[in-house]
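# Observations on the three-dimensional arrangement
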Amino acid sequence: MNTIQTFNFQGLKALVRVDFNVPLDENFQITDDTRIVSSLPTITKILNDGGSVILMTHFGRPKSMNHSVALGSEEKYSTIHLLPRLKVLFPGIEILFAEDCGSEEAYKMAKNLKPKEILLLENTRFYAEETSGDVEFAQLLATLGDVYVNDAFGSAHRAHASTAIIADFFSSEQKMFGFLMQKEVDNADKVLKSNDKPMLAILGGAKISDKILILQNLLDTATHIIIGGGMAYTFIKAKGGQIGNSLFEEDRIETCREILKTAEEKGVKIILPLDSTIADKFANEATLKVCASSEIPEGWMGLDIGPKAVEAFTDIILRSKTILWNGPMGVFEMENFSKGTEEIAKLVAKSTSLGCFSLVGGGDSVAAVTKFELQDQVSFISTGGGALLEYFEGKTLPGIKAIRNV
Ligand code: AMP
């Protein structure tokens, strides 16, 4: 397998699958360009080597993905809205736009592309063949470039034409990860294959059902698992506690018992919040109390971990050498229930300053760390979302397998 660090793109056309699925406002202006900026190192390296870049991305979920023809008619999903920002980010670089990624015209534009130029393709999802992973469509896209670079970690869990299937049409010498993808995979592996113990997983968020597979997989890696957020209450009930009206998934109670039992057998310490901030309704203005998490009265619900829980979590967070954090400890979007998540974020930052490797990933925990302005004080923030979660579930991601064959 080649690496982007050492590969020389001079004179080559690199077909780069990025994840430029950025949010737009009603005037089609980009409101957050993080995803574009994250792939700049990859694009810049190729241009600096004297290669040209053909950018492929999906953009939103156009309805036309249900049709078997390129429509390109749903204006808000057109990648043309990305052009102005790309022009700002690459001053002086010629950036062309191909209105239909699967057309003869796109092929001609790619063929005529000169070194140090960029060609942006229209939304790959304007073809239903993209999401169905159609082999012929993948082959058609593959004809556009000499080498294939996958920098779209956020889409690595999809076996789509441009994220995975396409790689079959390039030899192992002609395909590689981009810098972003490489960094994501390396950092996730650093956690999953870590020998730096204690290895702590902090899992939170609303639903256990979303996190069961991760929990089960981490029983083979982690030495300690802190469970907070809404998902903690099904565990507390499984242990015989009273949780009032807190979040509860009855159909998961048996699984919780099994996880607790397996953890004990494997010597993994699962730590639940001793106390909770409880409320009489799901609202910031609710009446609040703090009580033991296993003694929540009827009519009340646990919406954050309490001060004793934070105190009990402190020692292990500060002693850990590797930390994975996914999911907030409470309803952190509401001021009155954000304290627990904030305290945990500060502790993870402190542990990082003491030499721990910390990875924060998967949706809301990233939002939380950013909210408390601690994003520069953890080792790595993953942009992966669903892909990261599936990687931690122990699944083989099609986008990764397509490049490195494992
Ligand atoms: P997830 O997407 O599963 O990581 O869940 C994130 C969401 O869980 C956030 O919107 C939080 O507000 C919510 N959440 C965290 N703790 C609780 C709780 N104790 N009760 C209800 N919702 C919660």
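Residues numbered from 1 in each chain as written. Predicted model: local features only at pLDDT ≥ 70, side-chain atom pairs only at ≥ 80, totals over all residues. Heavy atoms only, no water.

A two-sided burial pattern is seen for strand E5 (residues 147-150), the buried positions comprising Val-147 and Val-149 on one face and Tyr-148 and Asn-150 on the other. Relative to E5, strand E1 (residues 13-17) runs parallel, the two being bridged by four bridges. Residue pairing in the sheet places Ala-14 in a bridge with Val-147 of E5. Judged from the three bridges that link them, E5 and strand E6 (residues 175-177) form a sheet pairing that is parallel. Bridged to Asn-150 within E6 is Phe-177. (Buried < 20%, exposed > 50% of the residue type's maximum accessible area, 1.4 Å probe, protein only. Helix = DSSP H or I, 4+ residues; strand = E, 2+ residues; numbered from the N terminus. Pairing = 2+ DSSP bridges.)

Our focus in this paragraph is the site of the ligand. Close to the ligand lie 16 residues; Ala-206, Gly-230, Gly-302, Glu-333 and Asp-364 are nearest. Side-chain polar atom of Asp-364 to an oxygen atom of the ligand: 3.5 Å apart, as the coordinates give it. Calculation on the ligand without its partners gives an accessible area of 510 Å², and the protein chains cover 82% of this total. A class-by-class count of the residues in the shell around the ligand yields seven nonpolar, five polar and four charged. (Near = heavy atom within 4 Å. Polar contact = N/O pair within 3.5 Å; in protein donor to acceptor, adjacent residues only side chain to side chain. Areas by Shrake-Rupley, 256 points an atom, 1.4 Å probe, with all protein chains shown as cover. Nonpolar A, V, L, I, M, F, W, Y, C, P; charged D, E, K, R; others polar.)

On to the sheet that holds strand E16 (residues 357-360). Strands in a sheet are paired, the pairing made by backbone hydrogen bonds, and the direction either parallel or antiparallel. Spatial ordering of the open sheet is given by E10-E8-E7-E15-E16-E17, a layout of six strands whose pairing is parallel. Only two strands of the sheet have a single partner each, and these edge strands are strand E10 (269-271) and strand E17 (380-381). Both E16 and E17 contribute to a ladder of two bridges, which runs parallel. For Leu-359, the partnering residue across the bridge sits in E17 and is Phe-380.

It is worth spelling out the sheet that holds E1 at this point. Spatial strand order, E3-E4-E2-E1-E5-E6: six strands in an open sheet with parallel pairing. The open sheet has two free edges, formed respectively by strand E3 (95-98) and E6, since each of these has just one partner strand. Averaged over all pairs of adjacent strands, the angle between strand axes in this sheet comes to 20°, irrespective of strand direction. Here helix H2 (residues 40-49) sits on the sheet in contact with E1, strand E2 (52-56), strand E4 (118-121) and E5, set at roughly 150° to E2. (Axes fitted to C-alpha atoms, helices over the stretch in contact; angles between N-to-C directions. Contact = heavy atoms within 4.5 Å.)

Close contact between helix H11 (residues 307-319) and helix H12 (residues 339-353) brings their axes to 9 Å; oriented N to C, the two are set at 20°. The angle between H11 and H12 places the two elements in the roughly parallel class. Our pair here, H11 against H12, has a crossing hand that is right-handed. Listed contacts from H12 to Val-310, Phe-313, Thr-314, Ile-317 and Leu-318 of H11 are Gly-340, Glu-343, Ile-344, Leu-347, Val-348, Lys-350 and Ser-351. In terms of residue class, the contact of H11 with H12 is built from seven nonpolar, three polar and two charged. (Parallel < 35°, antiparallel > 145°, perpendicular 65-115°, else oblique. Left-handed = near helix turned anticlockwise from the far one by under 90°.)

So, on to the domain arrangement of the chain. Per the domain assignment, the segments of the chain are domain 1 (13-182) and domain 2 (195-392). Each of domain 1 and domain 2 has a C-alpha centre, and these two points are 37 Å apart. At the junction of the two partners, domain 1 supplies six residues and domain 2 supplies seven residues. Surface buried jointly by domain 1 and domain 2 totals about 520 Å² across both partners, of which 68% is contributed by carbon and sulfur atoms. Across the contact surface, domain 1 and domain 2 share zero salt bridges. (Domains from an automatic or database assignment. Buried area = accessible area lost by both parts, 1.4 Å probe. Salt bridge = Lys/Arg side-chain N within 4 Å of Asp/Glu carboxyl O.)

It is worth spelling out helix H10 (residues 253-266) at this point. Between its terminal C-alpha atoms H10 stretches 20 Å, which fits the 20 Å expected from 14 residues at 1.5 Å a residue. Among all positions in H10, only Ile-253, Thr-255, Cys-256, Ile-259, Leu-260 and Ala-263 are buried. In a view along the axis of H10, the buried residues occupy a sector of 160°, so they form one face of it. Residues Lys-261 and Glu-265 are exposed on H10 and point more than 90 degrees away from its buried face. Where H10 is buried, its residues touch helix H8 (212-218), helix H9 (232-238) and E10. Two residues or fewer after H10 comes Gly-267, characterised by a positive phi angle close to 75°. (Expected span 1.5 Å × (residues − 1). Arc of directions from axis to C-beta.)

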